[in-house]
Amino acid sequence: MVNKNIGEQILSHYEKYLGNYADASVFAGTKESYPIQALKFANVLDGLKTFATLGFSKYADEVKNKAEIVFSVDENLEDTLLTIIMNALFFITENQIDFGKGSFIKGIEKINADFANSHNIRAVYFTVPFVFPEDFSEIEDEIKIYEAFFITQSELEYLEKNGAESFEDYLEENEIDVFDITRSLTMS
């Protein structure tokens, strides 16, 4: 096998599972930070646009994990949702937050109050990929892939009270569609 650079390995991995990317957006944090690209993939999940990061893994020292992120969002709100998730990723890197399964970033209302309040969305949650094949979750045994989705106020309260494992069990047992940002549920 021809030795590829890490960026080529990540892109090849994504295209193997997600198809060819349709577009790419580049996001930058502070002057000192590396940019992170968000590659857009069409027709991965019905009614949603799927994005995958390229460049988050450069922050392995800051976040104690060599990782990239995949997330699927409502195509009608893709610009808003993409901006919120990318802001969350730069918040993680700039604050050197240990990152992995069960990580979450609160304060969505500080990034986009109108969206957060109209949809009752309060955080971005990160976990192992659950809508993709199991072998999608690692690239060359070196980079881990995590899936991001938005959570509501009541879900955030449940997560903070009961922990990540219990939260994920609850979502699965109740067949919660985490990609439906209009969901309104009361968790007890």
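Read on for an overview of the structure. (Residues numbered from 1 in each chain as written. Predicted model: local features only at pLDDT ≥ 70, side-chain atom pairs only at ≥ 80, totals over all residues. Heavy atoms only, no water.)

When helices and strands are counted, the protein chain shows seven helices and eight strands. What you see for the protein chain is a C-alpha radius of gyration of 16 Å, in line with the 16 Å of a compact globule of 188 residues. Looking at the protein chain as a whole, 47% of its 188 residues are labelled buried. Partitioning the intrachain contacts of the protein chain with sequence separation of at least 6 by distance along the chain shows that 57% fall at a separation of at least 24. Counting every atom, the protein chain has about 9700 Å² of accessible surface; 43% of that belongs to carbon and sulfur. (Helix = DSSP H or I, 4+ residues; strand = E, 2+ residues; numbered from the N terminus. Rg over C-alpha atoms; globule rule 2.2 N^0.38 Å. Buried < 20%, exposed > 50% of the residue type's maximum accessible area, 1.4 Å probe, protein only. Contact = heavy atoms within 4.5 Å. Areas by Shrake-Rupley, 256 points an atom, 1.4 Å probe, with all protein chains shown as cover.)

Time to look at empty space enclosed by the protein. Counted by the stated rule, this structure contains one cavity of 30 Å³ or more. There is about 50 Å³ of room inside the largest cavity. Lining of the largest cavity is provided by S72, V73, D74, L81, I85, A148, F149, F150, V178, F179 and I181. Residues belonging to the lining of the largest cavity are distributed by class as follows: nine nonpolar, one polar and one charged. (1 Å grid on protein atoms, 1.4 Å probe; cavity = no way out; pocket = protein on both sides within 12 Å on 5 of 7 lines; lining within 4 Å. Points joined across faces, edges and corners; volume = space filled by probe spheres on them. Nonpolar A, V, L, I, M, F, W, Y, C, P; charged D, E, K, R; others polar.)

This part takes up the pattern of salt bridges. Scanning the entire structure with this criterion turns up six salt bridges. E165 is the salt-bridge partner of K101, the closest N and O atoms lying 2.7 Å from each other. Taken together, the residues span a long stretch of sequence, with K101 in the loop between α3 (78-94) and β5 (104-106) and E165 in helix α7 (residues 164-173) at a distance of 64 residues. Under the relative-accessibility criterion, K101 is labelled partly exposed at 38%. A salt bridge links E160 to K106; its shortest N-O distance comes to 2.9 Å. Within this pair, whereas E160 is found in helix α6 (residues 153-162), its partner K106 is found in strand β5, the two being separated by 54 residues in sequence. (Salt bridge = Lys/Arg side-chain N within 4 Å of Asp/Glu carboxyl O.)

Let us look at the layout of surface pockets. What the largest pocket holds in volume is close to 280 Å³. Forming the boundary of the largest pocket are K101, T127, V128, F130, F149, E165, E168, D169, L171, E172, I176 and V178. Here the lining of the largest pocket gets five residues from one element, more than from any other, and that element is α7. Considering only residue class, the lining of the largest pocket consists of six nonpolar, one polar and five charged.

What follows covers the pairing of strand β2 (residues 36-41). By the criterion of burial, β2 is predominantly enclosed, with five of the six residues buried. Examined bridge by bridge, strand β1 (residues 23-27) and β2 share five bridges and lie antiparallel to one another. By the bridge assignment for β2, F27 is matched with I36. Adjacent in sequence and paired antiparallel, β2 and strand β3 (residues 48-54) are bridged by six residues, among which N43 carries a positive phi angle near 60°. (Pairing = 2+ DSSP bridges.)

Attention now moves to the pairing of β3. A regular strand places its side chains on the two faces of the sheet in alternate fashion. Judged by how many residues are buried, β3 sits mostly within the fold: seven of seven residues are covered. Taken together, the five bridges between β2 and β3 define a ladder with antiparallel strand orientation. Residue pairing across strands places Q37 opposite L54, the latter belonging to β3.

Take it as geometry only, folks, not as evidence of what the structure does.
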